[in-house]
Every structure is written in structure tokens, then in C-alpha cells.
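# Commentary on secondary and tertiary structure
What follows is the residue order along each chain.
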Amino acid sequence: MIREVWPSARDLAEADLEQLYSYPADPRWLAVNFVSSTDGAIAVEGRSGGLSTPADRIVYRLGNDLADVVLVGAGTAVAEGFEGMRPDAATAERRRRFGLAPIAPVAVVTTGRSLPPDAPVITKAAVPTLVFTSAAAPSALREAWAAHGARVFVVGESAVSAERVVSTLVAEELGRIDCEGGPRLFGSLIEAGLVDEFRLTVAPFLVAGTSSRASLGAAVDPAELELASVLTDGASVLLRYLARR
């Protein structure tokens, strides 16, 4: 059982969780999802799966199920073995009730060779994957992504423009964006002021080691957040923050 402890104290049914984790009716809403150990690690042996808990998997799935598109960095997509979204009956019904397309595509951000043309996120996706890259990526590589079924967008000269990634998704009517990392993509979205919501699961583990933090990139003036909700299943803590505008 997942319980809300702030701003109210109540046990949450599935419908309550759906409402908490649904996306506003804004033409663009970008939510970032991360799981972290209590000492700040975001991965075990390079993958986040070792930190995920039953409660985290529930809200992670809600992020996927209620989004128009899942946005991810190429390094994370490859390391985590992303194969695109494959809705089961419960997800299909949830997406139908919320007026969403049957399957959310994956949008991958890459500078170039971090995304092989035969990566499962391209070749095994049920709907075409959107690949966002820069003009600096070799044209042969861009052609290979397209040949393997991806839709390729060049959104920058020497580097990928986070602003153009998001504006292109909105133009494609994919404005409810579920970002699942990695840290450099998250950092670029923070730098561009594009993050509307941060969803963080604090898992009950101590990891130590040298794992990365949730965001990396250029230093920015601290972006203030407003706490929206605190949930727990008695072990994990599920936090939702909204960006102050």
C-alpha cells in the first residue's frame, strides 16, 4: 500500500495515483524521473534497476503510461537495454482512458556514436523511435539510424539543443514528456529551464562507490522547486517537486 504523507495523510488507490502522476493539460509538460539510494547513488553496476523498489516501479510505470513520449539519453538507453514501450492490457486500458495513443514512442538524444544503429531502442521498438542529434554526427550514421527504422532530427550544429528537442516534440504533438535520464540530458534540460516536474524515489539502500549524481552539466543558478507530494510504502519515499516559475 502506498500512502500519501504530505500534503494530506491518506492511503492511495490506483485511481488516486493516476491523478497524482498524470500530466497537466499544458501543451508542454516535462517530468523527469529518477531513483536514488539514500546516499545519492543513481545506479548499481551502471544500471538503475538495482535500486528500484516495488513502489518505484509503480510510479515509474505511471510516468510511462501517462506520457505522450519517453525521452532518454542514448547512454542510458543502451546501458538499460531499452526496447521501447510494450503496453500490457492494463497499460493499454489506462492510455485509452486518458485519451493517449496506444504506444508512446521513445525519443533518444545522442551526440553520435553513443547510439549504434542496431541498438534495441531502435530495432525492437513497436513504433518508430525518434533520434535527436546534431549536424556533427556523421551523415552515414544518421542514414543508418533511419535505415533501421528511426525518425532522425538534427537539432543543433555542434551539439544537441535541448530547447529544439522539446520544441520538436511539442510540434509532433508529443508534449507530455517523461524523461528518464541520464544525468547529462537532465543537466541540459535544467540549464535550458525546461524541467516542469522532478519525480524522485529515495530507495532504502546505502551504496557508496562512485555512482553519478542525477544531473551533470554546466553550473546554473539554483532553480527553486516547490514540493508537491510525499508518498511512502513504509520503505521507499516518493517525492514530487514542481519548478517555480
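See the structure printed just above.
Residues numbered from 1 in each chain as written. Predicted model: local features only at pLDDT ≥ 70, side-chain atom pairs only at ≥ 80, totals over all residues. Heavy atoms only, no water.

Moving on: the side chain of R95. Topologically, R95 is positioned in helix 4 (residues 89-97). The buried charged residue R95 lacks any salt bridge, with D68 as its nearest oppositely charged partner at 5.4 Å. In this view, R95 contacts N64, D65, L66, A67, L100, A101, P102, I103 and A104; residues no more than four positions away in its chain are not counted. (Helix = DSSP H or I, 4+ residues; strand = E, 2+ residues; numbered from the N terminus. Buried < 20%, exposed > 50% of the residue type's maximum accessible area, 1.4 Å probe, protein only. Lys, Arg positive; Asp, Glu negative; His and termini not counted. Salt bridge = Lys/Arg side-chain N within 4 Å of Asp/Glu carboxyl O. Contact = heavy atoms within 4.5 Å.)

This part is about the pattern of salt bridges. All chains considered together, the criterion is met by 19 salt bridges. In this structure, R3 and D11 form a salt bridge, with 2.9 Å as the shortest nitrogen-oxygen distance. Under the relative-accessibility criterion, R3 is labelled partly exposed at 33%. Linking R10 and D16 is a salt bridge whose minimum nitrogen-to-oxygen distance equals 3.8 Å. Since its relative accessible area comes to 25%, D16 is described here as partly exposed.

Looking now at empty space enclosed by the protein. In this structure the tally under the stated criterion is one cavity of 30 Å³ or more. Lining the largest cavity are G84, M85, I103, A104, P105, V106, A125, A126, V127, P128 and T129. Classifying every residue of the lining of the largest cavity by side-chain character gives nine nonpolar, two polar and no charged. (1 Å grid on protein atoms, 1.4 Å probe; cavity = no way out; pocket = protein on both sides within 12 Å on 5 of 7 lines; lining within 4 Å. Points joined across faces, edges and corners; volume = space filled by probe spheres on them. Nonpolar A, V, L, I, M, F, W, Y, C, P; charged D, E, K, R; others polar.)

Glancing now at the environment of P138. Structurally, P138 is set in the loop between strand 6 (130-133) and helix 6 (139-147). Measuring from C-alpha to C-alpha, the distance between P138 and T111 comes to 9.8 Å, with 27 residues separating the pair along the chain.

Moving on: helix 2 (residues 54-65). If you check helix 2, its first and last C-alpha atoms are 16 Å apart, about what twelve residues at 1.5 Å a residue would give, namely 16 Å. When helix 2 is considered as a whole, its buried residues turn out to be A55, D56, V59, L62, G63, N64 and D65. (Expected span 1.5 Å × (residues − 1).)

This next bit is on the nonpolar core. One finds L30, V32, F34, L71, F132, L169 and L189 to be the most contacted residues of the largest nonpolar core, which totals 29 residues. Not counting the four nearest positions on each side in its chain, L30 is found in contact with L71, V166, I177, C179, L189, L194, V195, D196 and E197. In this structure, A74, A77, V108 and W145 belong to the second largest nonpolar core, which totals 18 residues. (Core = buried A, V, L, I, M, F, W, Y, C linked by side-chain atoms within 4.5 Å.)

Here E18 lies in helix 1 (residues 14-21). Given the relative accessible area of 4%, E18 is considered buried. A distance of 2.8 Å separates a polar atom in the side chain of E18 from a polar atom in the side chain of R94. The residues touching E18, leaving out its near neighbours within four places in the chain, are L62, L66, R94, R97 and F98. (Polar contact = N/O pair within 3.5 Å; in protein donor to acceptor, adjacent residues only side chain to side chain.)

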